[in-house]
There are 2 protein chains.
Amino acid sequence: MNQDKMGKGEQSRARLLQAAAVQFAAVGYHRTRVSDIVRQAGLTQAAFYLYFPSKESLYQELMDGFFQKLWELSDAGGKVTPLARHEVRDRMKENLLELFRFFARMPEQTRIVLTGAEEREELHRKLTSIVSANLRKNQEAGHVRPELSVEVAAESMLAVVQRLTVRFLLSGERTAEQLAEDAAALLAKGILQADRTKEE
Amino acid sequence: MNQDKMGKGEQSRARLLQAAAVQFAAVGYHRTRVSDIVRQAGLTQAAFYLYFPSKESLYQELMDGFFQKLWELSDAGGKVTPLARHEVRDRMKENLLELFRFFARMPEQTRIVLTGAEEREELHRKLTSIVSANLRKNQEAGHVRPELSVEVAAESMLAVVQRLTVRFLLSGERTAEQLAEDAAALLAKGILQADRTKEE
């Protein structure tokens, strides 16, 4: 929603969410205090507790939508299975593009989950299991090279996406489009079966 | 050197180095105290200061050799340039194998540099610049695909090696040989020019 069309309460709420996102991204959830959030938002502690019962509840609200979309995007490989061989590479690139665009739209949440020690381990396990399962399905469908370990491929894909996001996307050095192009070029050849016929 | 052939002093010194490596790997350099090291080594503080002037000097000794070898191994791509096209892929796999074997031989130091926040940023910059420079040379020599961004490729290679090392090698789930095989299969196709003639 555009700020102009928000009521004053909604604006304050949005400012608190944004200020908290910046703080969590910079120093982590545990080291962020409500007093830091309200100072950054230019509001009072009283205003904070008008909109959020606690720091935890604000964090949940900030991250719930992010994670829901992240699971959806990381599961996009599952829709590749029924495609014809020659469509798979383009779809892989589109999926990467959507993921990088999502990270670019939500830089603070992305930084929280990709660089914050608190979230990383569990997130990592969950993402790996989603991506591995889809790679296995796509291997059975003949899209993924049969000799490949899907666990190794999943870890590698995620490591590449994570590193490129932190190093080039969040720093503003490259766009989502450039990174999707490069990551797809790199990963598709290593992971996908060669499309020798181009019309299979 | 075999422990049997060491003098008592050398044995104590080696025990302190090993105990310190384990502690640094587990909790990081800053949170490790000399008292933790001597307890783990079964020695006294007095013994520690007989062999090392400080925690810093022990750390330097532990890591200097490791870093020297790490720079050497990460620079191995530079020796690929004069090779014939059909030799490059095998050499890339051999280089990865040497790197994974080195990490497997030095698990504590590897953990310190790959997972310890203290070392990571600077290490990362240095490794990326070594690998990028070699990829660029090999791109000019026609070994690396011309459309590839060498910075993106370098970051991706390092991210994959780091992730596979932490996830599968240090955990003992896969051997250096298995990982070199998989990483080379994944990365070679994405990075190297196709060797269509096999005899170029």
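Note that the structure is a prediction, hence the values are computed from the model and not measured. (Residues numbered from 1 in each chain as written. Chains lettered and ligands numbered in written order. Predicted model: local features only at pLDDT ≥ 70, side-chain atom pairs only at ≥ 80, totals over all residues. Heavy atoms only, no water.)

### Re the relation of the copies chain A and chain B
So, step 1. Aligned on chain B, chain A shows an RMSD of 0.0 Å; the corresponding rotation is 180 degrees and the shift along the axis is 0.0 Å. Taken together, these values place the two copies in the relation of a two-fold axis.
So, step 2. Counting the interface residues of chain A, we find that 100% of their copies in chain B are interface residues as well, pointing to one common contact surface. (Least-squares fit on C-alpha atoms with pLDDT ≥ 70 in both. Contact = heavy atoms within 4.5 Å.)

### Re the domain arrangement of chain A
Where interface size is quoted, it is often the accessible area lost as the parts come together.
Residues and elements named next belong to chain A.
So, step 1. Segmentation of chain A into domains returns domain 1 (3–52) and domain 2 (63–191).
So, step 2. Computed from C-alpha coordinates alone, the two centres of domain 1 and domain 2 are separated by 31 Å.
So, step 3. In this complex, domain 1 contributes eight residues to the contact, which on the side of domain 2 involves four residues.
So, step 4. Summing the contributions of domain 1 and of domain 2, the shared interface buries around 480 Å²; its carbon and sulfur component is 65%.
So, step 5. Here domain 1 is connected to domain 2 by zero residue pairs in polar contact (both at pLDDT 80 or more).
So, step 6. Its residues assigned to classes, the side of domain 1 that touches domain 2 comprises five nonpolar, three polar and no charged. (Domains from an automatic or database assignment. Buried area = accessible area lost by both parts, 1.4 Å probe. Polar contact = N/O pair within 3.5 Å; in protein donor to acceptor, adjacent residues only side chain to side chain. Nonpolar A, V, L, I, M, F, W, Y, C, P; charged D, E, K, R; others polar.)

### Some points on the packing of aromatic side chains
Residues and elements named next belong to chain A.
So, step 1. The full count for this structure, using the stated rule, is 18 aromatic pairs over all chains.
So, step 2. Where Phe24 meets Tyr59, the ring centres are 5.3 Å apart and the plane angle is 80 degrees; that geometry is what we call edge-to-face. Of this pair, Phe24 sits in helix H1 (residues 8–27) while Tyr59 sits in helix H4 (residues 55–74), placing them 35 residues apart in sequence.
So, step 3. For Phe24, a relative accessible area of 2% gives the class buried.
So, step 4. Relative accessible area serves as the criterion here: at 9%, Tyr59 is assigned to the buried category.
So, step 5. The interplanar angle of 55 degrees and the centroid separation of 4.7 Å between the aromatic rings of Tyr29 and Tyr59 together place this pair among those described as tilted. Taken as a pair, Tyr29 in the loop between H1 and helix H2 (34–41) and Tyr59 in helix H4 lie far apart in primary sequence, 30 residues in all. Assigned by exposure class, Tyr29 and Tyr59 land together as buried.
So, step 6. The structure contains a cluster of three or more aromatic residues connected by ring pairs, namely Phe66, Phe67, Trp71, Phe102 and Phe103.
So, step 7. Sitting over the ring of Phe168, Arg174 keeps its end group 4.8 Å from the ring centre. (Phe/Tyr/Trp six-rings, centres within 6.5 Å; stacked < 30°, edge-to-face > 60°. Helix = DSSP H or I, 4+ residues; strand = E, 2+ residues; numbered from the N terminus. Buried < 20%, exposed > 50% of the residue type's maximum accessible area, 1.4 Å probe, protein only. Lys NZ or Arg CZ within 6 Å of the ring centre and 35° of its normal.)

### Section: the pattern of salt bridges
So, step 1. On inspection of all chains with the given rule, the structure shows 28 salt bridges over all chains.
So, step 2. Taking the shortest distance from any N to any O, the salt bridge between Arg167 of chain A and Glu173 of chain A comes out at 2.9 Å.
So, step 3. You can call Glu173 of chain A partly exposed: its relative accessible area is 48%.
So, step 4. Within this structure, Arg136 and Glu151 of chain A together with Arg174 and Asp182 of chain B form a network of salt bridges that share partners. (Salt bridge = Lys/Arg side-chain N within 4 Å of Asp/Glu carboxyl O.)

### Here we look at the interface of chain A and chain B
So, step 1. Counting residues at the interface gives 26 residues for chain A and 26 residues for chain B.
So, step 2. Together, the buried faces of chain A and chain B total about 2,300 Å²; carbon and sulfur atoms form 65% of this surface.
So, step 3. Ranking the residues of chain A by area buried against chain B places Val152, Arg163 and Leu186 of chain A at the top, with a combined share of 29%.
So, step 4. Summed over the shared surface of chain A and chain B, the result is six salt bridges.
So, step 5. Put simply, Glu151 of chain A and Arg174 of chain B hold a salt bridge, and the shortest N to O gap is 3.6 Å.
So, step 6. On inspection of chain A and its partner chain B, the count reaches 12 residue pairs in polar contact (both at pLDDT 80 or more).
So, step 7. Among the secondary structure elements, those contributing two or more residues to the side of chain A that touches chain B are helix H7 (117–140), helix H8 (150–169) and helix H9 (176–191) of chain A.
So, step 8. No other element matches the 13 residues that H8 of chain A contributes to the side of chain A that touches chain B.

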